[in-house]
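# Working through the structure, step by step
Given next are the chains, with one letter for each unit.
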Amino acid sequence: MTEWTDPDAFARALERADTKSKGNCFEDFTEGDRLEHDPGLRLARWANDAWMGQTLNHDPAYWRRDAADDRGFDEPPIHPDYLLAATLGATVEDLSERGGYFLGRTDVRFPDGPVPPGTELRVESDVVTTAASSSRPEYGIVTWRTRGRDARTDDVVCSYERTNMIPRREPIATDGGATADDDATDEPDLPSTFLTPDGGFFEDFVDALERADDRDAAVAYRHERGRTQDSVTVAALPLATLNTAKQHHNAEAMADAPSGDVVAYGDVTRSTALAHARSDERTWREVGFDDESFHDFVTPGDTVYAFTRVLEADDDASDDRAGTVRFEHVAFTQREKPVYSGIRTAEIRKRQPTDDNR
Ligand SMILES: CC(C)(COP(=O)(O)OP(=O)(O)OC[C@H]1O[C@@H](n2cnc3c(N)ncnc32)[C@H](O)[C@@H]1OP(=O)(O)O)[C@@H](O)C(=O)NCCC(=O)NCCSC(=O)C[C@H](O)C(=O)O
């Protein structure tokens, strides 16, 4: 009788066995379809704290009761970055586990957030559009609108629209996409002066924008901190959001990919860069994110840095002690190429008489 675990017999058995594949192909998505994502997730304090600590998000309102109380929270809530990553993580099994690229996301909002630890998430997505990729015949491009709900109250605590390239079952003929103008040597049209805010309060951003006004200048600066990607950030953090994308934890499957290795979850890259930016400001509340793009992959050993451009400031917010600022944040690595960019709207604390000057 055949011993199935005999190495030769087993190797033959593996060759002959079909693989029960995971995830959906491009052809499985139809505009208008709704998918209820089974995993759901309990937003645990430990996972939130692991995410926040490892991505260098150290805003005290998410760590300490007195700071949370000062910010108008009943207790340190789940941070919006982890809430967003967990909402997306729970969708991966149905939407993007098959592989492909997380291209971008927009209209990220937290209608009934923030939420306390222990909140149980129920997540659903609608297929918004499906399109051929003109440059990559083996992929299609799918956009979904996703909502994360508090399973107890049904309140929407996080929503967004995201776009991925999804592998096709059958490649199609394409026009090959637009031809890149490789010979273009135009100098980039950057302003002559880059200004940095003196501090991290709302008034500091207003002041810097005023100094840039009517001049060939921008309020744009780098943040010093960097975070080298390791097995915790690349594999452990996405798995703590139930993100089953093999890109983050299956080195063998990724060996033949263009990256040649596992890659960081886009939300880890993004949250790390945002943390660097937040460490140089007095964040009051996160309002929303738009036009997020993931330009290139990040692999273990890459160090994630951040660059910020301040776009506008508005003296209007949910609390008199804050104003609203719109930023463009860019994550980049030691190779100095952008890997993520997005527009962030956040409320920033105004300077109070008792505040120090940072
Ligand atoms: C994905 C890339 C390899 C593409 O590179 P390149 O071909 O140079 O870029 P193009 O700009 O030409 O884009 C290709 C097509 O995709 C469309 N596109 C690009 N961005 C968007 C967007 N934000 N929204 C909609 N469509 C977009 C373009 O129009 C092009 O279309 P077409 O011409 O018809 O083909 C490269 O960008 C890359 O490597 N990006 C990094 C991807 C990445 O690392 N993402 C994060 C990590 S993976 C992850 O987190 C997975 C996650 O867990 C999950 O499950 O989603």
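Please refer to the structure higher up on the page.
Residues numbered from 1 in each chain as written. Predicted model: local features only at pLDDT ≥ 70, side-chain atom pairs only at ≥ 80, totals over all residues. Heavy atoms only, no water.

### Digging into the overall build of the chain
Counting its regular elements, the chain contains nine helices and eleven strands. For the chain, the C-alpha radius of gyration of 22 Å lies close to 21 Å, the compact-globule estimate for 358 residues. Structurally, the chain occupies a C-alpha span of about 85 × 55 × 40 Å along its principal axes. Taking all 358 residues of the chain together, the buried fraction comes to 47%. A sequence separation of at least 24 residues applies to 73% of the contacts in the chain between residues at least 6 apart. Put simply, the chain shows about 18,000 Å² of open surface, and 45% of that area lies on carbon and sulfur atoms. The distance from the centre of the 42 positive side-chain charges to the centre of the 73 negative ones in the chain is 4 Å. (Helix = DSSP H or I, 4+ residues; strand = E, 2+ residues; numbered from the N terminus. Rg over C-alpha atoms; globule rule 2.2 N^0.38 Å. Buried < 20%, exposed > 50% of the residue type's maximum accessible area, 1.4 Å probe, protein only. Contact = heavy atoms within 4.5 Å. Areas by Shrake-Rupley, 256 points an atom, 1.4 Å probe, with all protein chains shown as cover. Lys, Arg positive; Asp, Glu negative; His and termini not counted. Charge placed at Lys NZ, Arg CZ, Asp CG, Glu CD.)

### Topic: unusual backbone geometry
Of note in this structure, Asp107 is not a glycine but carries a positive phi near 55°. Take Asp107: it is sitting in strand β2 (residues 101–109). According to the relative accessible area criterion, Asp107 is partly exposed, its value standing at 29%. Positive phi is not limited to glycine here, since Asp291 has a value of about 50°.

### A short note on helix α7 (residues 231–239)
Of all the residues in α7, the buried ones are Thr233, Val234, Ala235, Leu237 and Pro238. Packing partners of the buried residues in α7 comprise α2 (45–54), β7 (217–228) and α9 (266–278). N-capping of α7 is provided by Asp230, with a side-chain oxygen placed 3.0 Å from the backbone N of Val232. (Polar contact = N/O pair within 3.5 Å; in protein donor to acceptor, adjacent residues only side chain to side chain.)

### Concerning helix α1 (residues 7–16)
The buried fraction of α1 amounts to zero of the ten residues, a small share that puts the element mostly on the outside. By the N-cap criterion, in which a side-chain oxygen at the helix start approaches the backbone nitrogen of a residue two or three places on, α1 is capped by Asp6, the distance to Asp8 being 3.1 Å.

### Some thoughts on the site of the ligand
By nearness alone, 27 residues border the ligand, and Ser96, Ser133, Ser134, Ser135 and Arg162 come closest of all. In this structure, an oxygen atom belonging to the ligand sits 2.6 Å away from a side-chain N or O atom of Ser96. One of the backbone N or O atoms of Ser134 is found 2.8 Å from an oxygen atom in the ligand. In isolation the ligand exposes 1,100 Å². Once the protein is present, 71% of that is buried. Within the residue set of the shell around the ligand, elements represented by two or more residues are β2, β5 (156–167) and β8 (283–294). (Near = heavy atom within 4 Å.)

Worth remembering: the numbers are spatial, not functional.
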